[in-house]
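# Examining the three-dimensional arrangement
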Amino acid sequence: MKGDLFAPGHRACAGCGPAIAMRHILRASGPDVIIAQATGCMEVTTTPYPETAWGVPWIHVTFENAASVASGIAEALKMQGRENTKVIAIGGDGGSADIGFGALSGMLERGHDVLYITYDNESYANTGVQRSGLTPMYAATTTTPAGSKIPGKTQRKKDLPMIAAAHHIPYVATASIAFIEDFEAKIRKALSIKGPKYIQVLAPCVPGWGIPENKTIYYARKAVETGMWVLYEIENGKLKINYRPQKLAPVKEYLEGQRRFKHLTPELIEKIQDFVKAEYEKLVSKDGMQLF
Amino acid sequence: MVKKILEGSHAVAEAVKLCRPHVLGMYPITPSTHIPERLAEFVNNGELNASLIRVEAEFSAISSIVGAAATGSRVFTATSSQGLALMHEVLYAASGMRLPMVMVVANRALSAPINIWNDWQDAISERENGWIQLFVENVQEAVDTVIQAYRITEDERVYNPVMVNMDGFYLTHVYEPVDIPDQKDVDEFLPPLNYKYKLDPKKPLTHGPFAYPVPYAMLRKRNFDDFHSFEPIVKEVHDEFAKKFGRSYGDGIIEEYKNDRPITIVTMGSISGTVKELVDSRDDVGLVRVRLYRPFPKERVAEALEGKEMVLVIEKDVAMGSRSGALFLDIRDALFSMRDRPRINNAIGGIGGTDITREDIAKAIDELKEKDGEIHWFEMRG
Ligand SMILES: Cc1ncc(C[n+]2csc(CCOP(=O)(O)OP(=O)(O)O)c2C)c(N)n1
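Described below are features of the structure shown in this document. (Residues numbered from 1 in each chain as written. Chains lettered and ligands numbered in written order. Predicted model: local features only at pLDDT ≥ 70, side-chain atom pairs only at ≥ 80, totals over all residues. Heavy atoms only, no water.)

### A short note on the sheet that holds strand E6 (residues 132-135) of chain B
Reading across from one edge, E3-E2-E4-E5-E7-E6-E13 (chain B) is the order of the 7 strands in this open sheet, with mixed pairing throughout. Among the strands making up the open sheet, the edge pair consists of strand E3 (51-54) and strand E13 (292-294) of chain B. Taken over all neighbouring pairs, the strand axes of this sheet differ in orientation by 20° on average, direction set aside. Where strand E4 (residues 75-79) of chain B meets strand E5 (residues 102-107) of chain B, 4 bridges bridge the pair, whose relative direction is parallel. Within E5(B), the residue paired with B:Thr79 across the bridge is B:Val105. Running over the sheet, helix H3 (residues 66-79) of chain A touches strand E2 (23-26) and E3 of chain B and is turned about 160° from E3(B). (Pairing = 2+ DSSP bridges. Helix = DSSP H or I, 4+ residues; strand = E, 2+ residues; numbered from the N terminus. Axes fitted to C-alpha atoms, helices over the stretch in contact; angles between N-to-C directions. Contact = heavy atoms within 4.5 Å.)

Quick look at the structure:
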């Protein structure tokens with residue numbers, strides 16, 4: 001191999017979390033794959049015509065339809081007897097949880113042989129870091145600024161992996177770019193399964209989160225160590241927690257140093273801590289259970 | 001060839017089946033619904049070997065077949081009105097990406113107020129979107145035009161999506177005797193698709209990239225220039241079809257009917273049947289029916305209207321803000337450089353399923369005969 005199928009030289013920011021995710025998606029998939037991608041940072045920065053970072057066949061149509069485009073690709077491959085070629089749809093959190101939510105649900109429900117990957121940078125980064133349904137509670141974004149009256153986003157993060165799993169699809173997983181082998185293994189496993197699969201990978205955004213460019217992986221790891229993000233799989237409806245720290249690190253360690261959380265008062269940090277602890281315990285208590 | 005009495009939608013479904021599409025993205029909306037329903041029967045009965053994706057919205061109907069077309073499969077969808085409007089964003093993407101695709105639009109009024117009946121506002125509102133648009137007069141032409149549409153869109157010189165417009169209800173729900181061509185003949189006319197730029201790991205291509213201003217403008221201009229080169233190819237395909245199947249529709253671009261008279265009515269679609277009856281009943285009026293609406297065949301239309309005293313454009317849509325219908329604008333533009341141009345008037349009607357009768361048209365002609373630039377609304381009945 002001459003190098004990565006996802007070539008360097010794209011226009012993503014230094015330290016871009018999603019770009020790391022893209023590279024490893026292709027490392028795991030290998031060349032026999034077709035990618036359908038939603039509008040967002042990873043589309044805009046990787047394909048400045050006539051250049052492209054993609055060493056595999058790749059298509060972008062609109063912001064909200066990667067899942068539908070992928071549905072059509074998968075059916076076309078089936079009709080042509082080219083089913084060995086894998087289909088991966090990729091969207092950001094906005095493209096997946098918000099505007100493309102209907103298309104994603106439709107694709108999962110209809111059962112196309114597609115792996116859908118959400119790279120979750122917890123905002124609409126491409127348009128200047130606005131709130132998405134996957135922005136976490138109290139994060140400041142450009143549409144949920146830290147005001148003197150309202151401290152950032154007031155709603156919790158939409159539970160998209162569980163919503164995906166509720167479609168009774170064979171495989172759902174969460175991942176973090178700090179656990180790259182786990183992420184790649186999940187992609188490989190997903191691609192070995194027929195039918196619709198869903199993976200959501202946490203991928204920090206340097207300008208969006210307001211973190212130093214050498215701290216991308218640090219925060220992707222801290223999220224998992226603090227329980228802000230939990231690595232798990234749901235295979236045929238059964239939950240398996242993949243990583244359980246001996247003891248959860250305090251969320252403060254994750255929130256600290258991120259500009260989007262700079263406004264948090266000790267009270268708000270405590271609220272987040274209580275919320276994360278409760279959610280984590282609820283989830284972990286279901287480890288090994290048949291959820292769907 | 002078998003002559004059958006079929007509902008228009010079912011005849012179209014037969015035509016689609018004969019074209020052997022691989023992937024169909026389908027969502028119901030009146031009056032196009034009977035097309036996907038009949039196709040679903042074909043698929044579920046094993047008469048059509050295709051994947052029919054029962055999507056969750058028209059946005060995904062069109063998106064899924066964009067994906068399939070880019071993967072090199074022959075595709076189809078059908079819709080109307082709100083469904084077409086919902087597809088809007090993807091329609092531009094599909095033509096920008098120059099994909100071979102065919103869609104039938106059963107033309108219907110647009111909301112609000114919501115109305116399920118026929119007019120052309122849905123298709124007319126998409127006139128800038130870069131799709132080739134054909135309007136058919138009857139069910140037989142719908143059948144034949146669907147088959148031609150695949151030949152047009154899959155021609156390497158074209159590779160551009162095609163929309164076949166048929167009047168909702170008037171054509172989709174009417175029973176007419178139609179010749180359904182033999183599979184063998186259609187197979188000969190329409191060889192399997194071999195799309196040159198398909199998504200294929202053996203030759204990785206990037207479709208639908210991001211473009212900075214200069215490359216964007218260059219690509220837009222290329223599509224703009226190419227678009228007009230499709231007109232002779234539409235004609236070529238029509239002529240070849242006529243030779244093989246023995247049916248033709250004017251010259252494939254426009255149809256002239258007794259167009260040797262001082263007054264000419266210009267229109268599109270099924271209302272042309274009513275106009276032909278009127279033309280037959282008097283000796284001062286002829287018809288030019290526009291079959292290829294986009295790209296608009298400006299020179300061909302001008303040629304057909306040269307030397308006329310009065311041209312009356314009849315249409316079922318409005319160009320909001322232009323004080324006329326949209327077809328009128330194109331026709332007036334076609335007459336622009338003529339030295340002694342005919343007087344030209346516009347009659348708007350059929351909106352939201354209202355009737356246009358032969359008498360209405362006769363009355364409009366008599367009223368507008370000596371006028372120029374008048375916008376007339378037919379009496380609203382129905
Ligand atoms: C229909 C539509 N609405 C809005 C936009 C503007 N837009 C482009 S990308 C984007 C946000 C993308 O967010 P996300 O999916 O989270 O991906 P990211 O930018 O973070 O990579 C928005 C709002 C668009 N391109 N299309």
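Picking up after the structure, the text goes on.
### Describing the site of the ligand
Residues in close proximity to the ligand total 18 residues, the closest being A:Gly94, A:Gly95, A:Tyr119, A:Ser123 and A:Asn126. The residues that come close to the ligand belong to more than one chain, namely chains A and B. Contacts to the ligand include A:Asp93, whose side-chain N or O atom sits 3.2 Å from an oxygen atom. One of the backbone N or O atoms of A:Asn126 is found 2.8 Å from an oxygen atom in the ligand. For the ligand, whose unbound accessible area comes to 580 Å², protein coverage reaches 78%. A total of 3 residues in the shell around the ligand trace back to one element, the largest contributor, which is helix H4 (residues 93-98) of chain A. (Near = heavy atom within 4 Å. Polar contact = N/O pair within 3.5 Å; in protein donor to acceptor, adjacent residues only side chain to side chain. Areas by Shrake-Rupley, 256 points an atom, 1.4 Å probe, with all protein chains shown as cover.)

### Things to note about the pairing of E6(B)
Residue and element names in this part refer to chain B. Both faces of E6 are covered, namely the face carrying Ile-132 and Leu-134 and the face carrying Gln-133 and Phe-135. The pairing of E6 with strand E7 (residues 162-167) spans 4 bridges and is classified as parallel. Each bridged residue has a counterpart across the sheet, and for Phe-135 the counterpart in E7 is Asn-165. Read as a crossover between parallel neighbours, the route from E6 over helix H6 (residues 139-153) to E7 is right-handed. Note: E6 against E13, 2 bridges, orientation antiparallel. Residue Gln-133 lies in a different strand from E13, and its bridge partner there is Arg-294. (Buried < 20%, exposed > 50% of the residue type's maximum accessible area, 1.4 Å probe, protein only. Right-handed = clockwise from strand over helix to strand, strands pointing away.)

### A short note on the nonpolar core
If you look at the biggest cluster of nonpolar residues, it comprises 165 residues, and the most contacted ones within it are A:Ile59, B:Leu39, B:Phe76, B:Met101, B:Ile265 and B:Ile331. Sorting elements by how many residues they give to this core places H3(A) first, with 9 residues. The two domains that each donate at least three residues to this core are domain 1 (2-243) and domain 2 (254-377) of chain B. Among all residues touching B:Ile265, those that are not within four sequence positions of it are B:Val275, B:Leu278, B:Val285, B:Gly286, B:Leu287, B:Val288, B:Leu312, B:Ile314, B:Ile361 and B:Ile365. Within the second largest apolar cluster, 61 residues are counted, among which are A:Ala175, A:Cys205, A:Leu231 and A:Val276. (Core = buried A, V, L, I, M, F, W, Y, C linked by side-chain atoms within 4.5 Å. Domains from an automatic or database assignment.)

### Re the pattern of salt bridges
Residue and element names in this part refer to chain B. Overall, the coordinates contain 62 salt bridges over all chains when judged by the stated rule. A salt bridge links Glu-137 to Arg-289; the nearest nitrogen and oxygen atoms lie 3.2 Å apart. Of the two residues, Glu-137 is situated in the loop between E6 and H6 and Arg-289 in strand E12 (residues 285-290); the sequence distance between them amounts to 152 residues. Exposure class is identical for Glu-137 and Arg-289. Each is buried. Measuring nitrogen to oxygen at the nearest pair gives 2.8 Å for the salt bridge that ties Arg-157 to Glu-236. Of the two residues, Arg-157 sits in the loop between H6 and E7 while Glu-236 sits in helix H9 (residues 230-245), which places them 79 residues apart along the sequence. Residue Glu-236 is classed as partly exposed on the basis of its relative accessible area of 36%. Among the ionic contacts, a cluster of salt bridges with common partners joins Glu-137, Glu-141, Glu-255, Lys-276, Arg-289 and Arg-291. (Salt bridge = Lys/Arg side-chain N within 4 Å of Asp/Glu carboxyl O.)

### What to know about the packing of helix H3 (residues 58-70) of chain B against helix H4 (residues 81-96) of chain B
All names here are of chain B. In the contact formed by H3 and H4, the axes pass within 7 Å of each other and the chain directions differ by 25°. It follows from the interaxial angle that H3 and H4 lie roughly parallel. Every pair of crossing elements has a handedness; the one defined by H3 and H4 is right-handed. Contact residues: Glu-58, Phe-59, Ala-61, Ile-62, Ser-63 and Val-66 in H3; Gly-83, Leu-86, Met-87, Glu-89, Val-90, Leu-91 and Ala-94 in H4. When the residues that make up the contact of H3 with H4 are grouped by side-chain class, the tally is 9 nonpolar, 2 polar and 2 charged. (Parallel < 35°, antiparallel > 145°, perpendicular 65-115°, else oblique. Left-handed = near helix turned anticlockwise from the far one by under 90°. Nonpolar A, V, L, I, M, F, W, Y, C, P; charged D, E, K, R; others polar.)

### Observations concerning the interface of chain A and chain B
Every contact between the two is made by 38 residues of chain A and, on the other side, 39 residues of chain B. Between chain A and chain B, roughly 2,800 Å² of surface is buried when both sides are summed, and carbon and sulfur atoms account for 65% of that area. Linking chain A with chain B are 2 salt bridges, by the criterion used here. Here A:Arg82 makes a salt bridge to B:Asp200, at a shortest N to O gap of 3.7 Å. Seen at the junction of chain A and chain B, the total is 15 residue pairs in polar contact (both at pLDDT 80 or more). (Buried area = accessible area lost by both parts, 1.4 Å probe.)

### Regarding the packing of aromatic side chains
Residue and element names in this part refer to chain B. The tally for this structure, following the rule as stated, stands at 20 aromatic pairs over all chains. Summarising the aromatic geometry, the rings of Phe-189 and Phe-241 are spaced 5.5 Å apart at their centres and angled 85° between planes, so their arrangement reads as edge-to-face. Residue Phe-189 is found in helix H7 (residues 183-189), and its partner Phe-241 is found in helix H9; the two are separated by 52 residues along the sequence. Looking at Phe-241, the relative accessible area reads 0%, which means it is buried. (Phe/Tyr/Trp six-rings, centres within 6.5 Å; stacked < 30°, edge-to-face > 60°.)

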